[in-house]
Amino acid sequence: MKDIPPRYSPKDNEESIYSRWENSGFFRAVPDSAKKPFTIVIPPPNVTGILHMGHALNNTLQDILIRWKRMQGFASLWVPGTDHAGIATQNVVERSLREKGVSRQELGREKFVEEVWKWREQYGNTIIRQLKRLGASCDWERTRFTMDKGLSDAVLEAFVELYNKGLIYRGNYIINWCPRCQTALSDEEAPHQDVEGKLYHIMYPFKDGKDGVVVATTRPETMLGDVAVAVNPKDRRYKKLIGKKLVLPIIGREIEIIADDFVDKKFGTGAVKVTPAHDPDDFEIAMRHGLEPVRIMRPDGKMNENAAGFIGLDRFEARKLIVKELEEKKLLVKIEKHDHAVGHCYRCHTAVEPYLSLQWFVKMKALAEPAIEAVKSGKIKFYPKRWTKVYLNWMENIRDWCISRQIWWGHRLPVYYCVKCEAVIVSKIAPEKCNKCGSVELKQDEDVLDTWFSSWLWPFSTLGWPEKTKDQEYFYPTSVLITAPEILFFWVARMIMAGMEFKKAIPFSDVYIHGTVRDVSGKKMSKSLGNIIDPLDIIDGFGADALRFSIISITAAGQDVFLSKEKFETGRNFANKIWNASRFVLINLSNFASCPAGQLAKLDRWKDLSIADKWILSRLNRAIDSVTKALDNYRFNEAEGLVYDFFWHDFCDWYVEMVKPEIIGKKEGEAEKILIHVLEDSLKLLHPFMPFVTEAIWQNIKERETIMLSAWPMADKSYVDKKVESEMETVKNIIVNIRNIRSDMNIPYSKKLTVGLVPLKKGSASLGANSAEYIKNLAQLEKLTIDRDFKKPKSCLSAVTEEFNIFIPLEGVIDTALEKARLVKKEDGLKQQIVFIEKKLKDKNFINNAPEEVVSAEKERQSKLKEQIERMESTIKDL
RNA sequence: GGGCUUAUAGCGCAGUUGGUUAGCGCGCUUCCUUGACAUGGAAGAGGUCACAGGUUCGAGUCCUGUUAGGCCCACCA
């Protein structure tokens, strides 16, 4: 007999199991023509990252699919890796340097980048180690980093290819500028946030004469860069004024009133100050009217030399002083409260400044078209479906992508400028001389690329692109992408575009988008809010299996996940339940080594099986089928719930209890074989969800390779038997009824009862010998008589089921009044049901319109209930 | 402004094509340390499925509207 502790200890198992898996190469996937590929690329976490619940959810979902498909015999590849996360990482390293009193600028570019690499060496693998603790079965030998050699080559290749196609261009445009990070951002990197702002109404006086035009603005400091005031040409108020000159207050510059359709007559005063260098719309207006933009800010958000009198002041400081000065000059007409949305840097949350600067862009329209088509045609499907619309809406309104960043950490643009003739050379390899003038004085562009410019290549760059590789041929397109909604535009949409552009093939066929992890009050979990539940704490306290099980159990298809620490008890308890059920099996099996692992030998002894045996096999095969189907449809929590219910409620609560006498008493029967078979299949079904505890038990049963590579069970429908299931329902129902009487009448289990079962109809409700035994054992009976002619004694407790009258003769005192009250209450319940049914059946519309089988089913229920109520009444009368 | 999403037992949530006695987990009540498990077992209590209309023989489920949360997108200064 094995020595198995009565409690499952994750701590004693997880680490050793994981290292055994890893060392044995079980995670490794290689192209294999005998198998079908199943591929997932991990959403690469930032190198700066530490595991949070979002990762835990995301990676558990992926691991479930990967493990499940691996067991199904696929060449199941999960490609791991990390993202260099340009701005985020640069910020982190800068901060740590600052603590040592060193600034990035002091260090210089080269040294700084070296520091970042050092930092990555030291901390960059933290999250990988943490993913391992979660049980992630990634092929770690393939771990990639967006800045490693291969992926950097892919970035250069992509850039040059797009540039040569005319899809990358350089130009002066208004972009989102973060004054703190001092870099350009893409539109996606500057999400809008509602801000309580003010609308300042400012009087711009006419050059000649009194009076003037009142403009409204939320950013008065930008007036220093005004080059015109625009009105709508159809606006009667201003029509006559078009072409008149105004004097820009404070600065004194002369500006003209111009007409532009863009201006909304209804907003503000209907007159708009035009600041082309600091507002995208104004920039457009200025272009249309040939006006020269005036830049008034420096990259750090402080006013520049064009801001006479405010030079060097921070933009918000300048705002205050300008408002004050306008007030003094009596040019401030009024200030209104005005809430509006302002873009904020997604890395440091500073309000971004729309800023005119020279940047690099990707033309997106042409790239978007095939990517839209891929989704519209159904080649790529979103789960849940609703994301399709969000995706298409964004893609159809796509704007060019600003890809240059003024930071140091990232892929440097493969762009070189000739110092002499200013030629622009775009090349993967640094050119030796200018291809126009032959000068050897060349300078590489200082900028680096947006982090997402490497991530959008991830599904194929990780497989070797731009080289032609076997991996790529075999594993691409990948099968499914599992990700969070936050990066749908950043990443998912762009990967589809990149796939279509560079590979002429979709990057994945399915996109599963899971919810956001929130705390109990619905807030997003974040460090700054301090509402984090650390997955590692949970793993330490409850085990990785518990974490995985619990988080999946509350993840309904794509809905947000609300977490609290207590929720992880569910998973821990279940792991322990599995452990103990197995413990029972292992302790009691006489010779479990003789039971063939895995497949139950084709049961040619079907007839010899007890009804419980047949029943559990029927339930098992149903479970296998439904779990597999649920997984096929990415219904993770449903799949998990189905195994849970089967294992706990069918297997543990009923089957194990029913076969205990046979197993413990070493009686003749097949239960032993079936116990081990059902246990093994259950472990397999559970393995993708709870890999550690299932492996631990798998090895306890017998030492062998691993459950990871065992075959996923196949449902055999010949085991599904409705008749057997229905008899078992009857048996369970009788047991529950007797237990109910015990409970209601306070009869302890130590008191053995004698029970008479009176079947109703001839032929029906006959119970096999096994069934009688189950009832005797599980209801703790001394004697059970099944007899249509059973004579009910006077002193007796009763229950009435659909198919039986149950009598429990009890000598001595029975409180008749109490028993009567009890039975009447039960009868009332039945009566309530029949009232409802009869109302339906009296309704002609129902009879005429409802399908035949619905009507007859109702009728059958009516007659059954009626009859049951009659028996109940006569039982009550007999008291 | 546009779009998405949620509202079901005290709490957290399931409920796929409309027909179940509306389920599950936690919590609650009563009982039980029985030879896998008290991280357990047994028996219970608890819901007019947000509101108002509509479609239908029949609605938690479909449609319209209302209310209240949440999220995303958007160049009204």
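Residues numbered from 1 in each chain as written. Chains lettered and ligands numbered in written order. Predicted model: local features only at pLDDT ≥ 70, side-chain atom pairs only at ≥ 80, totals over all residues. Heavy atoms only, no water.

A. Region of the structure containing the packing of aromatic side chains. Overall, the coordinates contain 46 aromatic pairs when judged by the stated rule. Ring geometry for Tyr173 and Phe361: centres 5.4 Å apart, planes at 85°, overall edge-to-face. Here Phe361 lies in strand 14 (residues 353–362) and Tyr173 lies in strand 5 (residues 168–178), a separation of 188 residues in the sequence. On the accessibility criterion, Phe361 (6% relative accessible area) is buried. The ring of Trp140 has Lys132 lying over it, and the distance from NZ or CZ to the ring centre is 5.1 Å. Over the ring of Trp698 we find Arg704; its NZ or CZ atom is 3.7 Å from the centre of that ring. (Phe/Tyr/Trp six-rings, centres within 6.5 Å; stacked < 30°, edge-to-face > 60°. Helix = DSSP H or I, 4+ residues; strand = E, 2+ residues; numbered from the N terminus. Buried < 20%, exposed > 50% of the residue type's maximum accessible area, 1.4 Å probe, protein only. Lys NZ or Arg CZ within 6 Å of the ring centre and 35° of its normal.)

B. Just the protein's contact with RNA strand B, in detail. Taken together, the neighbourhood of RNA strand B is formed by 58 residues, with Asp264, Asn580, Trp648, Asn740 and Arg861 sitting nearest. Among atoms of RNA strand B positioned within 4 Å of the protein, sugar and phosphate together represent 63%. Lys577 places a side-chain nitrogen or oxygen 2.9 Å from a base nitrogen of RNA strand B. Contact distances for RNA strand B include 2.9 Å between a sugar or linking oxygen and a side-chain N or O atom of Arg583. (Near = heavy atom within 4 Å. Polar contact = N/O pair within 3.5 Å; in protein donor to acceptor, adjacent residues only side chain to side chain.)

C. Structural view of the sheet that holds strand 23 (residues 508–513). Across the sheet, 3 strands lie side by side as 15-23-22; this open sheet has parallel pairing. Every other strand in the sheet has two partners, leaving strand 15 (381–383) and strand 22 (478–483) as the edge strands with one partner each. Averaged over all neighbouring strand pairs, the angle between strand axes comes to 20°, with direction disregarded. Where strand 22 and strand 23 come together, 5 bridges link them in parallel fashion. If you follow Thr483 over to strand 23, its bridge partner there is Ile513. (Pairing = 2+ DSSP bridges. Axes fitted to C-alpha atoms, helices over the stretch in contact; angles between N-to-C directions.)

D. Representation of the sheet that holds strand 28 (residues 796–800) within the structure. Read from one edge to the other, the open sheet built from 4 strands follows the order 27-26-29-28, with strand pairing classed as mixed. At either end of the open sheet lies a strand with only one pairing partner, and these are strand 27 (781–786) and strand 28. Here the average twist between neighbouring strands, direction ignored, is 20°. Sheet topology places strand 28 next to strand 29 (residues 804–809); 5 bridges connect them, and they run antiparallel. Across the sheet, the residue bridging to Ser798 is Phe807, located in strand 29. Seen against the sheet, helix 25 (residues 769–778) touches strand 26 (753–759) and strand 27 and runs at an angle of roughly 145° to strand 27. (Contact = heavy atoms within 4.5 Å.)

E. Molecular detail of helix 17 (residues 535–542). Those residues of helix 17 lying buried are Pro535, Leu536, Ile538, Ile539 and Phe542. An end-on view of helix 17 places all buried positions within 160° of arc, on one side of the element. The inward-facing, buried residues of helix 17 abut helix 1 (10–23), helix 2 (53–71), helix 6 (126–134), helix 18 (544–553) and helix 19 (568–588). With a side-chain oxygen positioned 2.9 Å from the backbone nitrogen of Leu536, the residue opening helix 17 is Asp534. Following helix 17 by one or two positions, Gly543 adopts a phi angle in the positive range, close to 105°. (Arc of directions from axis to C-beta.)

Read these as spatial facts, not as claims about activity.
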